Amino acid sequence: MTDLITSSAHVAQAGNAPTGAAVTIRRAADVSQLVNNSDSSRSNARIVIGIALGGVFLDAYDLGALAFGMKDVTREFGLSPSGAGMIASAITLGAIVGALIGGYLTDKIGRYRVFMADMFFFVFAALACAFAPNEYVLAGARFVMGMGIGIDLPVAMAFLAEFSKLKGRGNKAASIAMWCPTWYAAISVSYLLVLFFWSVLPESHSDWMWRIILGFGAIPALIIIAIRSKYMSESPIWAANQGDLHGAAAILRNSYGINAHVAKDADLTPARPVRRASWGNYGALFKGVYLKRTTLATVTSIVSPFAYNAVAFGLPVIISSFLAQSMLTTILLSLALNLLFAFTGGILAVRLVPRFGAWKMMTLGYICQITALLGLALVGRPEDGHQAAISVAMLALFLLGQGFGPGAHTMTYASLSYPTSLRGVGVGFNQMMVRASSTASLFLFPVLAAALSTNVFWVIALAPIVGLLALLAIRWEPSGYDVDAEDFALNGK
């Protein structure tokens, strides 16, 4: 009880009853070791991870929800090409701003406070989109939604890293990789909602579909808000790094069932913070041991979304040009490819990264993507069913490689290349690069495809080639490495 009274760190209402012998905490490093190595009950910690992944689900859903509704939005508001571009790009621009702010705030005021705040962005923006009277309100709401997305990723990745153990099944790298199948599941849900409302809405009300799909995003956000205070706690490692050992001990008891208590002789006065949260910490990413890690994480964060967005978001167009099928068939085949290959690849990433490591899986993923893109370029526009089957198989290979390789583990590198004191800004900077690359890809792919036709795949193939070369040049393996220990070495704790 003393720990709860003297602590400002939020502790969930629900949790585990501590079991076993009492464990004494004297310093922040003790908290990190308990999280990394404990075999105690972790049920509430898993719930925290699940709630964090719920934020990732919202990110993906909201980013993809408008894809099939832009035609109706353009018609309803009488948009020019520039007006349509304003609405399409607003969410990405908001995400860039949100990532910059969110990375800093995650390190400054804590994981819990930021995560709770960004959920309200999703609710407000989703409802504003659903009832937008004109294109300007819609663009503004999408920008606010993008800010929520940008703020959410740094804090979600911090939760995944700091509530997971270091090694073995379900380790930090595996927990972070879970963002990938969660993302593909959300994209699939948006596809299914499009199909559902497309089939049930009367043709006279088909213009409602984009509003319903965008507004639906408020429902899971409200559910997360409703359960947050019951199950969500502050990161125990972040709390300990702020000198709040009592709060960290309370969270360990609640989320892990570890019978942790602060030693009576523990020094609770942090003589010097591990690393004070500041905007200048973005510069620390490019100094010392972090320079190579940031270089690798940045390169992969630029090239991976560039290639993926060009292929995945262009998938309906690519498939329809190959097979000349109806919109329904195109949507169903796009959904099947995402579920059977991208989603499956993401599950493989989660299960296999504790055994093989992120570096090997990223390398193999890039090799699969290079093979697939070169195959698509060589086949060109299919002239018969046999060539079309080969092209679809190459698309499947690309998505599978994305799922278990760069799709999952670019986030692993962004999150586990930095200790707790830098993790927020590290992921924030990474997400700024991801969003900028995605924006460029979504803009350039239609232009290049119109000019080059299927020869565009030669250009897209350059992205995974650059990523592979970066991995071969910088052989950094974050999975299983105790990066948080670097904080404790910094201040002698």
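Thresholds, definitions, all that
As a convention, each chain's residues are numbered from 1 in the sequence order in which they are written. With the structure being a predicted model, the display of local features is reserved for residues of pLDDT at least 70 and the display and counting of side-chain atom pairs for 80 or more, all residues being used for whole-chain, interface and lining totals. Based on all heavy atoms of the structure, the side-chain values leave hydrogens and waters out of the count. Working definition: helices are DSSP H or I runs of at least four residues, strands are E runs of at least two. Numbering for both runs from the N terminus. Burial classes: relative accessible area under 20% of the type maximum marks a residue as buried, over 50% as exposed, and values in between as partly exposed (1.4 Å probe, protein chains only). For this analysis, residues touch if any pair of their heavy atoms sits within 4.5 Å. Surface exposure here means Shrake-Rupley accessible area, sampled with a 1.4 Å probe, where a residue is shielded only by the protein chains that are shown. Between Lys or Arg on one side and Asp or Glu on the other, a salt bridge is scored when a side-chain nitrogen of the former is within 4 Å of a carboxyl oxygen of the latter. Grouping buried Ala, Val, Leu, Ile, Met, Phe, Trp, Tyr and Cys residues that are joined through side-chain atoms within 4.5 Å yields what is termed a nonpolar core. Orientation is described by axes fitted as lines to C-alpha atoms, over the contacting stretch for helices, and by angles from 0 to 180 degrees between their N-to-C directions. If an angle is under 35 degrees, it is roughly parallel; if it is over 145, roughly antiparallel; if it lies from 65 to 115, roughly perpendicular; otherwise it is oblique. In this scheme the handedness of a crossing depends on how the near helix is turned from the far one: anticlockwise by less than a right angle means left-handed, clockwise means right-handed. Here the nonpolar group is Ala, Val, Leu, Ile, Met, Phe, Trp, Tyr, Cys and Pro; Asp, Glu, Lys and Arg are the charged ones; every other residue, Gly included, is treated as polar. For Phe, Tyr and Trp, rings pair up if their centres lie within 6.5 Å, where Trp contributes its six-membered ring, and each pair is then called stacked (planes under 30 degrees apart), edge-to-face (over 60) or tilted (otherwise). Every patch collects residues that have over 30% relative accessible area and no salt bridge, joining them within 9 Å if they carry like charges and within 5 Å if they are nonpolar side chains (Val, Leu, Ile, Met, Phe, Trp, Tyr). One number per residue, pLDDT, summarises how confident the predictor is, and it ranges from 0 to 100. Multiplying 1.5 Å by the helix residue count minus one yields the expected span of that helix. Bend at a given residue is defined as the angle between two axes, one fitted to the seven residues that end at that position and one fitted to the seven that begin there. Definition of a polar contact: a pair of N or O atoms within 3.5 Å, with one able to donate and the other able to accept a hydrogen when the atoms are protein atoms, and with sequence-neighbouring residues admitted only if both atoms are side-chain atoms.

> Give me the lowdown on the overall build of the chain, citing residues and values where you can.
When helices and strands are tallied, the chain shows 24 helices and two strands. Counting across all 493 residues of the chain, residues that qualify as buried make up 59%. By sequence separation, contacts in the chain at least 24 residues apart represent 84% of the contacts at least 6 residues apart. Of the roughly 19,000 Å² that the chain leaves accessible, carbon and sulfur atoms contribute 67%.

> Please give an account of the pattern of salt bridges that cites residues and values.
Considering all chains together, one arrives at seven salt bridges under this definition. Its salt-bridge partner being Arg27, residue Asp30 comes within 3.5 Å of it at the nearest N-O pair. A salt bridge links Glu162 to Arg423; its shortest N-O distance comes to 2.7 Å. With Glu162 in helix α7 (residues 135-162) and Arg423 in helix α21 (residues 420-452), this residue pair connects regions lying 261 residues apart in the sequence. A cluster of three or more residues bridged by salt bridges with shared partners is formed by Asp107, Arg111, Glu162, Arg423 and Asp484.

> Can you tell me about the nonpolar core, naming the residues and giving the values?
Counting 137 residues, the largest nonpolar core has Phe115, Leu138, Met157, Phe159, Leu252 and Tyr413 as the members making the most contacts within it. Considering each element in turn, this core owes the most residues, 13 residues, to α7. Beyond its immediate sequence surroundings of up to four residues, Tyr413 is in contact with Leu296, Ala297, Ala358, Trp359, Met362, Leu471, Trp476, Glu477 and Pro478. One finds Tyr290, Tyr418, Val425 and Phe429 within the second-largest nonpolar core, a separate group that totals 10 residues.

> A description of the side chain of Thr294 should follow, citing residues and the corresponding values.
Looking at where Thr294 falls in the secondary structure, it is placed in helix α15 (residues 290-312). Not counting the four nearest positions on each side in its chain, Thr294 is found in contact with Leu285, Phe286, Tyr418 and Phe429.

> Describe the packing of helix α6 (residues 111-130) against helix α11 (residues 218-231), with residues and values.
Running from amino to carboxyl end, α6 crosses α11 at an angle of 150°, the nearest separation of the two axes being 8 Å. Between α6 and α11, the interaxial angle falls into the category roughly antiparallel. You can see that α6 and α11 cross each other, and the crossing is left-handed. Counting all contacts with α6, which are made through Tyr112, Phe115, Met116, Met119, Phe120, Phe122, Val123, Ala126 and Leu127, the residues of α11 involved are Ala218, Ala221, Leu222, Ile224, Ile225, Arg228 and Ser229. Across the contact of α6 with α11, the residue classes tally to 14 nonpolar, one polar and one charged.

> Now, about the packing of aromatic side chains: what can you tell me, with residues and values included?
Counted by the stated rule, this structure contains 10 aromatic pairs. Aromatic side chains Phe77 and Trp210 sit 6.0 Å apart centroid to centroid with 75° between the ring planes, which places their arrangement in the edge-to-face category. Placement of the pair is Phe77 in helix α4 (residues 70-77) and Trp210 in helix α10 (residues 209-216), with a sequence separation of 133 residues. Exposure remark for Phe77: the relative accessible area of 15% places this residue in the buried category.

> I'd like a rundown of a nonpolar patch on the surface, residues and numbers included.
Judged by side-chain polarity, Leu378, Leu452, Trp458, Val459, Leu462, Ile465, Leu469 and Leu472 come together as a nonpolar surface patch covering roughly 710 Å² of accessible area. The class for Leu472 is partly exposed, based on a relative accessible area of 39%.

> I'd like a description of the environment of Lys71, backed by residues and values.
Note on placement: Lys71 falls in helix α4. In the structure, Lys71 is positioned 139 residues away from Trp210 in sequence and 9.5 Å away in space, judged by C-alpha atoms.

> I'd like to hear about the confidence of the model for the chain, residue by residue, with values.
When pLDDT drops low, the exact placement of atoms in the prediction is not to be read closely. The predicted model of the chain averages 83 in pLDDT, with 86% of residues at 70 or higher. Of all the helices and strands in the chain, helix α1 (residues 2-5) carries the lowest mean pLDDT, 44, while helix α23 (residues 462-473) carries the highest, 97. This model gives residues 1-6 a pLDDT under 50, and the stretch forms 11 contacts once residues within four places in sequence are excluded.

> Describe the environment of Ala9, and please don't skip the residues or the numbers.
Relative to the helices and strands, Ala9 is located in the loop between α1 and β1 (19-25). Counting along the chain gives 236 residues from Ala9 to Leu245, while the straight-line C-alpha distance between them is 9.7 Å. When near neighbours in sequence (up to four residues on either side) are disregarded, Ala9 contacts Glu234, Ala239, Asp244, Gly247 and Ile251.

> Provide a residue-level description of the side chain of Asn36, including the pertinent values.
Mapped onto the elements, Asn36 comes out in helix α2 (residues 28-37). If sequence neighbours within four positions are ignored, Asn36 has contacts with Ser164, Lys165, Leu166, Lys172 and Asp482.

> Talk me through the environment of Thr295; I want residue IDs and the actual numbers.
Mapped onto the fold, Thr295 is located in helix α15. Thr295 sits in the partly exposed class, given a relative accessible area of 34%.

> Lay out α7 with the relevant residues and their values.
Relative to the 40 Å expected for 28 residues at 1.5 Å per residue, α7 spans 41 Å between its end C-alpha atoms, a close match to the ideal helical length. The largest bend along α7 reaches roughly 25° and is located at Asp152, with the proline Pro154 sitting one to four residues downstream. Of all 28 residues that make up α7, 23 are buried, and the element is covered over most of its length. Capping of α7 at its N-terminal end is provided by Asn134; its side-chain oxygen lies 3.0 Å from the backbone amide nitrogen of Tyr136.

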